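Structural description and commentary
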Amino acid sequence: DSVASRGLGDVYKRQLNTSVDREETLELAGAEQRFTLHVDGPLETQTVLLNGSPLALTARDELPALAGTEVASGRVELPPASISFLTLPNAAHPAC
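Described below are features of the structure shown in this document. (Residues numbered from 1 in each chain as written. Predicted model: local features only at pLDDT ≥ 70, side-chain atom pairs only at ≥ 80, totals over all residues. Heavy atoms only, no water.)

**What about the nonpolar core?**
Nonpolar side chains tend to gather and get buried jointly when the protein is soluble and globular. If you look at the biggest cluster of nonpolar residues, it comprises six residues: Leu26, Leu28, Val71, Val76, Leu78 and Leu86. Mapped onto this core, the elements with two or more residues apiece are β2 (24-28) and β7 (74-78). Ignoring any residue separated from it by four or fewer positions in sequence, one finds Leu86 in contact with Val11, Tyr12, Lys13, Leu26, Leu28, Glu32, Gln33 and Arg34. (Core = buried A, V, L, I, M, F, W, Y, C linked by side-chain atoms within 4.5 Å. Buried < 20%, exposed > 50% of the residue type's maximum accessible area, 1.4 Å probe, protein only. Helix = DSSP H or I, 4+ residues; strand = E, 2+ residues; numbered from the N terminus. Contact = heavy atoms within 4.5 Å.)

Put into structure tokens, the structure is as follows:
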């Protein structure tokens, strides 16, 4: 699945870790897909990581496919200075 799935009733959450020197913990009630952007080293670095892998344009200067990482319910560690997008595909939430 990818960010573009956007089905009826999907739920999306955004979590920021604004600390530049420590991880934060998030408790998940159920299985989700996670997309975390962060840097490995100083904030001035030129390389951004998506779920731990370098995010870079393709040879044709296009964005690569953005695949999430499946995470189970329970505690999830968020790296310092990161933004995470968590998705619950097909959650069938009545407000969505």
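From this point, things continue past the structure.
**Some words on the side chain of Ser19**
Relative to the helices and strands, Ser19 is located in the loop between β1 (11-17) and β2. Residues within four places of Ser19 in sequence aside, it is in contact with Glu24, Pro80 and Ala81.

**Here's the deal with the side chain of Ser84**
As for its position among the elements, Ser84 is in strand β8 (residues 82-88). The exposure class of Ser84 is buried, given its relative accessible area of 0%. A distance of 2.7 Å separates polar atoms of two side chains, one belonging to Ser84 and the other to Thr36. Beyond its immediate chain neighbours, meaning those up to four positions away, Ser84 contacts Lys13, Arg14, Gln15, Arg34, Phe35, Thr36 and Leu78. (Polar contact = N/O pair within 3.5 Å; in protein donor to acceptor, adjacent residues only side chain to side chain.)

**Digging into the pattern of salt bridges**
Tallying each qualifying case throughout the model produces three salt bridges. With a shortest N-O distance of 3.3 Å, Glu24 and Arg22 are connected by a salt bridge. Across the salt bridge formed by Arg60 and Glu62, the nearest N and O atoms sit 3.6 Å from each other. In this structure Arg60 comes out as exposed when scored by relative accessible area, which is 67%. (Salt bridge = Lys/Arg side-chain N within 4 Å of Asp/Glu carboxyl O.)

**Details of the environment of Pro42**
Mapped onto the fold, Pro42 is located in the loop between β3 (32-38) and β4 (48-50). As a C-alpha pair, Pro42 and Val20 span 22 residues in sequence and 9.0 Å in three-dimensional space.

**Some words on the environment of Thr25**
The residue Thr25 is located in strand β2 in this model. On the basis of relative accessible area, Thr25 is assigned to the partly exposed category, the value being 38%. For Thr25 and Gly74, which are 49 residues apart along the polypeptide, the C-alpha to C-alpha distance reads 9.9 Å. Setting aside residues no more than four positions away along its own chain, Thr25 makes contact with Arg75, Val76 and Glu77. For Thr25, the side chain forms a polar contact with the side chain of Glu77, separated by 3.0 Å.

**So, unusual backbone geometry**
For Asn51, which is not glycine, the phi dihedral falls at a positive 55°. As for its position among the elements, Asn51 is in the loop between β4 and β5 (53-55). Phi at Asp61 takes a positive value of approximately 60°, unusual for a residue other than glycine. Within the secondary structure layout, Asp61 lies in the loop between β5 and β6 (69-71).

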